[in-house]
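# Topology and contacts: notes
Single-letter residue listing:
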Amino acid sequence: MKYAVEPSPVSVVRIDGQESVFPVHRIYCVGRNYAAHAIEMGGDPTREEPFFFQKNPDNLIVEDGDFPYPAKSNDVHHEIELVIALKEGGSDIPLSRALDCIFGYAAGLDMTRRDLQGECKKHGRPWEIGKAFEHSLPIGRLVPATRCGHPQEGRIWLKVDGELKQDGNLDQLIWKVPEIITILSGFFTLKPGDLIMTGTPAGVAAVKRGNVLQGQIEGVGSIRTKVV
């Protein structure tokens, strides 16, 4: 096949302990999936139907790379999240099969231009300019589920320059991992290579150039990036 322009390279995530890499298809994100974070963002923590938005595969930062402070914003926030990586997909995936679709898990950061996101919310517009900008998803190495299982609980935390900012537990997820996959597959046909970010605990806050962000999800892995 002859392309009219040079195609973009495939975005990949490193796999812990393996030479092979994980090719990324799409990136889905779940909004307000921890009650305390929903409250701090002015939302309702009740178990309403989850909502989703997307980032782009080329938004990824891998291998503890630096996070360049983005343009058009003066209020960029950190959000540490458990990331699901799919090895299988489909539409209308039943709960009983949801976990079978998972390749593994990683720690990731949903970096957010909060001021721009706020303007989008105020005017009822999509969130892309607040969420899906370049370098907005630092991610750690994937850990295969064959090693870590399917964690239902475990501490998830983030420090900025050594100071603890976010501190929660995976058992605080409003919508659990199998439910997220089942519901999301009702709206989209999920594919191998898809990543799903599952939401962030409370404590999100602004970052500035020079900050070092370090986080960990118990039983899964860690994440580190420097704001430059």
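To be clear, the structure that these remarks concern was listed above.
A brief look at the structure comes next. (Residues numbered from 1 in each chain as written. Predicted model: local features only at pLDDT ≥ 70, side-chain atom pairs only at ≥ 80, totals over all residues. Heavy atoms only, no water.)

Below, the discussion takes up the packing of aromatic side chains. What the rule picks out here adds up to six aromatic pairs. Summarising the aromatic geometry, the rings of F51 and W127 are spaced 5.5 Å apart at their centres and angled 85° between planes, so their arrangement reads as edge-to-face. In this pair, F51 sits in the loop between α1 (35-40) and β4 (52-55) while W127 sits in the loop between α3 (114-123) and α4 (128-131), placing the two residues 76 residues apart along the sequence. The exposure class of W127 is buried, given its relative accessible area of 17%. Ring geometry for F52 against F187: centres 6.5 Å apart, planes inclined by 55°, an arrangement best described as tilted. One end of the pair, F52, is in strand β4; the other, F187, is in helix α6 (residues 177-187), with 135 residues separating them in the sequence. Through a chain of ring-to-ring contacts, three or more aromatic side chains come together here, namely F51, F53 and W127. (Phe/Tyr/Trp six-rings, centres within 6.5 Å; stacked < 30°, edge-to-face > 60°. Helix = DSSP H or I, 4+ residues; strand = E, 2+ residues; numbered from the N terminus. Buried < 20%, exposed > 50% of the residue type's maximum accessible area, 1.4 Å probe, protein only.)

Taken together, the six strands give an open sheet; going across it, the order is β4-β3-β14-β7-β8-β11, and neighbouring strands pair in mixed fashion. Two strands bound the open sheet, and with one partner strand each, they are β4 and β11 (143-144). Here α6 sits on the sheet and contacts β3 (27-30), β4, β7 (80-86), β8 (102-109) and β14 (195-197); the angle it forms with β4, its principal contact strand, is near 85°. (Pairing = 2+ DSSP bridges. Contact = heavy atoms within 4.5 Å. Axes fitted to C-alpha atoms, helices over the stretch in contact; angles between N-to-C directions.)

Within this structure, the stated rule accounts for zero disulfides. Between C29, a cysteine without a disulfide, and C120, which holds the nearest cysteine sulfur, the sulfur-to-sulfur distance is 14 Å. C148 carries a free sulfur, and the closest cysteine sulfur to it, the one in C101, is 16 Å from it. (Disulfide = S-S within 2.5 Å.)

Our focus in this paragraph is α3. Here α3 has its buried residues at R114, L116, Q117 and C120. The buried side chains of α3 occupy one side of the element, clustering within an arc of 160° when seen end-on. Those residues of α3 hidden inside the fold are in contact with β6 (76-77), β9 (112-113) and α4. (Arc of directions from axis to C-beta.)

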